[in-house]
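Here is what each chain is made of, one letter per residue.
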Amino acid sequence: MTKRYLLILLTALLSVMTVEAGLVSPRRFRIYTSANGLADNSAQTIHCTRTGRLVITTMGQINFYDGSTFTYIDPIEENVYSLSEYQGNYHLYFDKYHHMWLKNNHSVTCVDLLVERFAKSIEDVFREFGVNEPVNDLFVDESGVVWLLTQNGLYSVATKKYIVPRKNLNLQDVELFKGKYVMLFYANGLMDVYDVATGKKVSESRPYADMDARHFDVSSRVLTDSTSNRVYQLRNGATDGVLLSYNMAKKEWTEILRTPYHLNHLTRRDSILYVPCEQGYWTFNVNNGDLNHVEAILLDSGQELHTDINVITFDKQGGMWAGTEKRGLLYSRPYKPPFQTYRIGSAEAGKLSAMMKNIDESPRFRNRRVNCVFKDSRGWTWVGTPQGLQVYRRESDMLPQVYTTKDGLYNNIVHSITEDRLHHIWVATSYGISVVLFKEDGHVHYINSYNQYDHVPNEVFVNGKAICLPDGEIAMQSLDHVVLFNPEKMTTLDSDYPFKIYPKLIKLMVNGIDVLPGTMIDGKVILDRALSRTRELNLNYDQNSLTLTFSALNYFRPQQTFYRIRMLGFDDEWRVMSSFNSEGTVDKNGLLHLPLMALQPGSYALQIQTSLAPDVWDTEPYEWIINVSEPWWRTTGMFAGLCVVLLALLFVNLYYYMRNANLRAQRNSEELGLIKRIYQFVERCNSHVEILEPGPEEYSTDKIDPQFELEPEFVAIFKKIVPLVEVEKKKKMTMRRLSNAAGVDGKTFYSLITANIYKSPHSLIKQARLLQAERMLRNTKAPIDVVAKECGFVSANYFIGSFFQMYHVTPEQYRRKR
């Protein structure tokens, strides 16, 4: 026992010695804090999603980072579920059921990743998993399967079966190995291995005895390596930490590192294990066993930062992210910065400046003052001006070719120019350094630029002060520094990057409204899930003005992000856009702000690719479908309904047309019959063939029935139409002409005619013959009986009586008066 205590003490002393002699990070880091939008400066966990977006947890908040902007969501009390068995600090899980779980000190919260909001009821999520009893702890294995610890045992959401863990031992971790075995880790260091298929225990082991167990019984973190058949475990106690390795094949434990402080996290990049801790971080090479402690973090400014680190992770490009307890988020590029800077006044800066002291800082070119002039190995003359980079390929050229910010420069004011041994042209501007890259045929390929993201001083460079040294290195002098770099060793010089970048939709605006899941516009919910999960938009015809913001998640060199875009259904041509040529559509942070205004109804396929070079498009395009519906009055259903209505109207019109045609034919037939009857009526009145005898009404003493008597109005109008009927042919006659002659409207005329024309014309004939007799009495001396006979009366007595009835005098008396 004395030897074991001495071993622990010796290990602690060695650890302390290592800390004191700790390394300064070979990487340079940039700091992100709450000033950059992070919810809090305490970054507890970091996770890089499959698409490359970062998820950072601070003091309870979930932060999302898209390469430009931090957004975060806050839990409320009802989003928190109590876990009685969990004693550790922040532990972040992602399951295969679209959930994100964050455990911390006897509690857990859950984020529904489909909508990126906290689950309102974790109990409901557990019930969906098939568990109704209280959950004491929760784990997610490397395959994304959720394991729930309840009073009935350890429940697998995948198999719906329980494994019964050891009683009275705190279960701290669960992990899967090669999909066949599930490992259970307890607070005392014990590990049980079960067969997933059968649920039977396969083996058990322990790295240390009870005496050591109490030093590391608070929390556990596990990382598996199926290639080497190893499992790495990090354990912490109240103060101490230990890093262990377990060989699954040999069933042997190995202690890698023991410290008198906490080891906070465990991650692997290539062959290196990174272990963040209270004093920087440790690295362990799994191939050769090299163990190093990085105590100080080197910042871009050159300062050293001593801080605790909670977590380390790597993004898709290989950039390293470290979360600190109070210093925020640290980011290191995937490559060592190619530019080495020396402050003016240092020995190295003085040596390099001396090599450039004879360069003219105020040259003239063609009788005008410029910033610098350089003639390259091709014989081309390059001129640096405040308006851009000019090149004269021949001495006789009057007008140069000019390169500006639209072509890839970060700034138009060119201060110095030189050529490397690969015959590329390097220029220093008032903001950054740029290189004009050439193809093998001698034509310009494109311009690649570097700024503070690449450790180039953010300051103005000195006119003319640039030189290519004999060993191929290039030195350029700025106001306060001399920059030294070797183009032949630069990974970022050409477009052959070992990683790809992909577009991600991070913001959507519809008709000027920022759209989030559940946002309703004009009664329509635009998104039912998070933008990160959305690949299709369905919009109304009046929701057709959009602005979509995309990020390539290019944390490494955001301003060197290139997009290739086309809109199938609108324009099939590919267009390449960057911050240099898009007039703000792609901003300096590498975000694409794509406006789609006044889209016509239809279906569109928006395809986008992203790249770090303008001519390398070796990834499959990401596609978003945008459906803009027709107005309701132009939909297929409405067209079908309209067609039905039109057909119905057509049939109705046809029915009424046929009916009216029949009515018109019938009316015409009736009108012809009436006209014929009128002509017959007139002919009968004018005819003398018919002997006029007294009618029945003249013999009867009873009152005449009105239905047999001609109406006075009819008699009046009939007298008016007789002259027209006598002179006009029957075929040309119409009821309208007759009504006009009668001086009454057509309706009145028609009703009078139809009501009287079929009655006896006796009274009209009688009146007509009395008029004839009256003319004979005035104009002739014919006897009364002769007048009666000539006018068609049956007898002279009937004539005398009728004449008296009409004129109130006898014929003889009338003749004497006239």
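In this report, we go over the structure that sits alongside the text.

The rules behind each value
Residues numbered from 1 in each chain as written. Predicted model: local features only at pLDDT ≥ 70, side-chain atom pairs only at ≥ 80, totals over all residues. Heavy atoms only, no water. Helix = DSSP H or I, 4+ residues; strand = E, 2+ residues; numbered from the N terminus. Rg over C-alpha atoms; globule rule 2.2 N^0.38 Å. Buried < 20%, exposed > 50% of the residue type's maximum accessible area, 1.4 Å probe, protein only. Contact = heavy atoms within 4.5 Å. Lys, Arg positive; Asp, Glu negative; His and termini not counted. Charge placed at Lys NZ, Arg CZ, Asp CG, Glu CD. Core = buried A, V, L, I, M, F, W, Y, C linked by side-chain atoms within 4.5 Å. Pairing = 2+ DSSP bridges. Axes fitted to C-alpha atoms, helices over the stretch in contact; angles between N-to-C directions. Left-handed = near helix turned anticlockwise from the far one by under 90°. Nonpolar A, V, L, I, M, F, W, Y, C, P; charged D, E, K, R; others polar. Polar contact = N/O pair within 3.5 Å; in protein donor to acceptor, adjacent residues only side chain to side chain. Salt bridge = Lys/Arg side-chain N within 4 Å of Asp/Glu carboxyl O.

1. Comments concerning the overall build of the protein chain
Of the regular secondary structure elements, the protein chain holds 13 helices and 55 strands. In summary, the protein chain has a C-alpha radius of gyration of 53 Å against a globular reference of 28 Å for 818 residues, an excess of more than 25%. Along the longest, intermediate and shortest principal axes, the C-alpha atoms of the protein chain span 175 × 90 × 40 Å. The burial tally for the protein chain puts 50% of its 818 residues in the buried class. In the protein chain, the proportion of contacts linking residues at least 24 apart, taken out of those at least 6 apart, comes to 55%. A gap of 8 Å separates the mean positions of the 91 positive and 91 negative side-chain charges of the protein chain.

2. Digging into the nonpolar core
Most often, soluble globular proteins keep nonpolar side chains buried together rather than apart. Counting 49 residues, the largest nonpolar core has I56, W321, L329, L508, F550 and I626 as its most contacted members. With near-sequence residues (within four places) excluded, L508 lies in contact with I513, D514, V515, I526, L527, L531, L537, T547 and L548. Ranked by size, the runner-up nonpolar core spans 42 residues in total, among them I675, I678, F714 and M733.

3. Observations concerning the sheet that holds strand β22 (residues 252-259)
An order of β19-β20-β21-β22 is seen for the 4 strands of this open sheet, with the pairing classed as antiparallel. Each end of this open sheet is capped by a strand with a single partner; those strands are β19 (219-225) and β22. Pairwise comparison of adjacent strand axes, ignoring direction, gives a mean angle of 20 degrees for this sheet. Where strand β21 (residues 241-247) meets β22, 7 bridges bridge the pair, whose relative direction is antiparallel. Looking across to β22, one finds that G241 is bridged to T259.

4. Considerations on the sheet that holds strand β43 (residues 474-478)
Judged by pairing direction, the sheet is antiparallel, and its 4 strands sit side by side in the order β31-β44-β43-β42 without closing on themselves. One side of each edge strand has no neighbouring strand; the edge strands of this open sheet are β31 (340-343) and β42 (461-468). Geometrically, the sheet is characterised by an average inter-axis angle of 20 degrees between neighbouring strands, direction not taken into account. Bridge count for β31 against strand β44 (residues 481-485) is 4 bridges, and the pairing is antiparallel. Paired with Q340 across the strands is L484, a residue of β44.

5. Digging into the packing of helix α5 (residues 636-686) against helix α9 (residues 746-756)
The packing of two helices is summarised by the inter-axis angle and the distance between the axes. Contact geometry of α5 with α9 gives a least axis separation of 11 Å together with a crossing angle of 65 degrees. Crossing of α5 against α9: the hand is left-handed. Residue-level inspection shows E670, L674, I678 and F681 of α5 in contact with α9, the latter providing Y750, I753, T754 and N756. Classifying every residue of the contact of α5 with α9 gives 5 nonpolar, 2 polar and 1 charged.

6. Remarks on the environment of N448
Among the structural elements, N448 can be located in strand β41 (residues 444-450). With 94 residues separating them in the primary sequence, N448 and A354 have C-alpha atoms 28 Å apart. Reaching out from N448, the side chain makes a polar contact with the side chain of R557 at a distance of 3.0 Å.

7. Some thoughts on the side chain of R27
Residue placement: R27 occurs in strand β1 (residues 23-32). There is no salt bridge for the buried R27, and the closest opposite charge comes from D270, which lies 7.6 Å off by N-O distance. Apart from residues lying up to four places away in sequence, R27 is in contact with L298, F314, G318, M320, S332, R333 and P334.

8. Re the pattern of salt bridges
For the coordinates displayed, the defined rule picks out 22 salt bridges. Two residues, D124 and R127, come together in a salt bridge whose shortest N-O distance is 2.3 Å. Of this pair, D124 and R127 both sit in helix α2 (residues 122-129), 3 residues apart, which is roughly one turn of that helix. Its relative accessible area of 35% is what places D124 among the partly exposed residues. Judged by its relative accessible area of 44%, R127 is partly exposed. When the shortest N-O distance is used, the salt bridge between E774 and R778 registers 2.4 Å. With E774 and R778 both in helix α10 (residues 762-779) and 4 residues apart, the pair spans about one turn of that helix. Given a relative accessible area of 10%, E774 falls into the buried group. Because the salt bridges share partners, they merge into one network encompassing R166, D192, K201 and E204.

9. A few points about the pairing of strand β8 (residues 99-103)
Across the 5 residues that make up β8, a large majority, 5, are buried. The side-chain alternation of β8 yields two buried faces, one formed by H99, W101 and K103 and the other by M100 and L102. Where strand β7 (residues 91-94) lies against β8, 4 bridges are found, and the strand directions are antiparallel. Each residue of the ladder has a partner; that of Y93, found in β8, is W101.

10. Quick word on the pairing of strand β28 (residues 309-314)
Within β28, 6 of the 6 residues are buried, leaving the element largely enclosed by the surrounding structure. When β28 meets strand β29 (residues 320-324), the two strands line up antiparallel, connected through 5 bridges. Looking at the pairing, T313 lines up with W321 of β29. Linking β28 back to β29 in an antiparallel pair, the connection comprises 5 residues, with G318 at a positive phi of about 100 degrees.

11. Comments concerning unusual backbone geometry
With a phi close to 50 degrees, N105 is a non-glycine residue in the positive phi region. Topologically, N105 is positioned in the loop between β8 and β9 (107-112). Overall, N105 belongs to the partly exposed group, its relative accessible area being 46%. The backbone phi angle of E583 is positive, close to 55 degrees, even though this residue is not glycine. Relative to the assigned elements, E583 resides in the loop between β52 (571-577) and β53 (591-596).

12. Looking at the environment of L422
Within the secondary structure layout, L422 lies in the loop between β38 (414-419) and β39 (425-429). The exposure class assigned to L422 is partly exposed, which follows from its relative accessible area of 42%. The sequence separation of L422 and E488 amounts to 66 residues, and the corresponding C-alpha distance is 7.7 Å.

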